[in-house]
Amino acid sequence: PDSTVVKKNFAGPITINIKMLFCRNLSIQDISVTGKRNPGLNSYSFLMSANGLKVDCSLRWDYKYKLRWTSTTGSGTGNIITIDNSISTTVAFNSKNFDSDPPHASSVKSCNMNVKITELDIEGSGLGILGNLFEDFLRGTVADQIEEAAC
């Protein structure tokens, strides 16, 4: 999903838009699934955990930095490598009677993901002195977007 972050500082607000976040090359080192039937609820709960996840992502970005007397803009692309990520989620499946009927509903009861961006390459126009500040914003926002999409 696209995302916008606004950060206010001493000189004025910076608006950063992240667009077209696309992830690929997913690999998983370790995965485990445990399940249990919830007595009396006609429900099964499954805890799924994965560790050592690696994924590569790319995105487009643009920003506008509005100062009191002027503004500056820029845009470009970014490539992201994440390694050693983890996710844990609990999913429940419901049925009127599991002995004779398949599940008719499911729901995510909990989901937690830990994303570690290890490499971030930003290319584009207008970055200048904003490079380090922009990279911190981008890292946090992209990690949040990956977590949201996964969960």
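For clarity, every value in this text was computed on a predicted model and none was experimentally measured. (Residues numbered from 1 in each chain as written. Predicted model: local features only at pLDDT ≥ 70, side-chain atom pairs only at ≥ 80, totals over all residues. Heavy atoms only, no water.)

A. The overall build of the protein chain, seen in detail. Regarding its fold elements, the protein chain presents one helix and seven strands. Counting from the amino terminus, helix and strand elements in the protein chain follow one another as β-β-β-β-β-β-β-α. For the C-alpha atoms alone, the extent of the protein chain along its principal axes is close to 70 × 30 × 25 Å. Each of the 151 residues in the protein chain was classed as buried or not, and the buried ones make up 35%. Contacts in the protein chain between residues far apart in sequence, at least 24 positions, make up 66% of those at least 6 positions apart. Carbon and sulfur atoms make up 52% of the accessible area of the protein chain, which amounts to about 9100 Å² in all. A distance of 8 Å separates the average location of the 15 positive side-chain charges in the protein chain from that of its 15 negative side-chain charges. (Helix = DSSP H or I, 4+ residues; strand = E, 2+ residues; numbered from the N terminus. Buried < 20%, exposed > 50% of the residue type's maximum accessible area, 1.4 Å probe, protein only. Contact = heavy atoms within 4.5 Å. Areas by Shrake-Rupley, 256 points an atom, 1.4 Å probe, with all protein chains shown as cover. Lys, Arg positive; Asp, Glu negative; His and termini not counted. Charge placed at Lys NZ, Arg CZ, Asp CG, Glu CD.)

B. Quick peek at the pattern of salt bridges. In this structure the tally under the stated criterion is three salt bridges. Put simply, K19 and D62 hold a salt bridge, and the shortest N to O gap is 2.7 Å. Here K19, found in strand β2 (residues 13-27), pairs with D62, found in strand β4 (residues 43-66); they are 43 residues apart in sequence, far enough to count as distant. Note on K19: relative accessible area 35%, which makes it partly exposed. Taking relative accessible area as the criterion, D62 reaches 18% and is therefore assigned buried. Across the salt bridge formed by D84 and K116, the nearest N and O atoms sit 3.4 Å from each other. One end of the pair, D84, is in strand β5 (residues 71-94); the other, K116, is in the loop between β6 (105-114) and β7 (117-124), and 32 residues separate them in sequence. Taking the relative accessible area as the measure of exposure, D84 reaches 45% and is therefore partly exposed. (Salt bridge = Lys/Arg side-chain N within 4 Å of Asp/Glu carboxyl O.)

C. The arrangement of the nonpolar core in detail. If you look at the biggest cluster of nonpolar residues, it comprises 25 residues, and the most contacted ones within it are L59, I80, I117, V142 and I146. Of all the secondary-structure elements, those providing two or more residues to this core are β2, β4, β5, β7 and α1 (131-150). Tallying contributions element by element places β4 first for this core, with eight residues. With near-sequence residues (within four places) excluded, L59 lies in contact with I18, K19, M20, L21, G76, T77, G78, I80, L138 and V142. (Core = buried A, V, L, I, M, F, W, Y, C linked by side-chain atoms within 4.5 Å.)

D. Structural detail: unusual backbone geometry. With a phi close to 55 degrees, N25 is a non-glycine residue in the positive phi region. In this structure, N25 sits in strand β2. Phi at D84 takes a positive value of approximately 55 degrees, unusual for a residue other than glycine.

By themselves, these figures tell us nothing about what the structure is for.
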